[in-house]
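# Structural overview for review
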Amino acid sequence: MKGLTCLKKADVIIYDRLVDDSILREARRDAEKIYVGKASSHHTLEQETINQLLVQKAREGKIVVRLKGGDPLS
């Protein structure tokens, strides 16, 4: 529930390809959504660039959420 609360407050949501659309629909309509998905042979952005993006948005004073999908038990 805490994660959902954070998602609803976020100004910026940075997410990967495994995040279900139903989760993104819980975000504010005006939230900036940035796709940074990775597949085995294709990376939208390298991890270092994603890290820089997270820091940049936070330094702009925005509330930033990083969403990663997948099975937490695997």
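In case you missed it, the structure is sitting above this.
These notes cover the structure that comes with them. (Residues numbered from 1 in each chain as written. Predicted model: local features only at pLDDT ≥ 70, side-chain atom pairs only at ≥ 80, totals over all residues. Heavy atoms only, no water.)

Glancing now at the sheet that holds strand β1 (residues 12-15). With parallel pairing, three strands are arranged side by side in an open sheet as β2-β1-β5. In this open sheet, the two strands that pair with only one neighbour each are β2 (32-35) and β5 (64-67). Averaged over all pairs of adjacent strands, the angle between strand axes in this sheet comes to 20°, irrespective of strand direction. Where β1 lies against β2, four bridges are found, and the strand directions are parallel. Bridging across to β2, isoleucine 14 finds its partner in isoleucine 34. Sitting on the sheet, helix α3 (residues 47-59) is in contact with β1, β2 and β5, with an inclination near 155° to β5. (Pairing = 2+ DSSP bridges. Helix = DSSP H or I, 4+ residues; strand = E, 2+ residues; numbered from the N terminus. Axes fitted to C-alpha atoms, helices over the stretch in contact; angles between N-to-C directions. Contact = heavy atoms within 4.5 Å.)

All right, on to the pairing of β1 then. Here β1 shows two buried faces, one formed by Val12 and Ile14 and the other by Ile13 and Tyr15. Relative to β5, β1 is paired through four bridges, and the arrangement is parallel. When the sheet's bridge partners are listed, isoleucine 14 is paired in β5 with arginine 66. (Buried < 20%, exposed > 50% of the residue type's maximum accessible area, 1.4 Å probe, protein only.)

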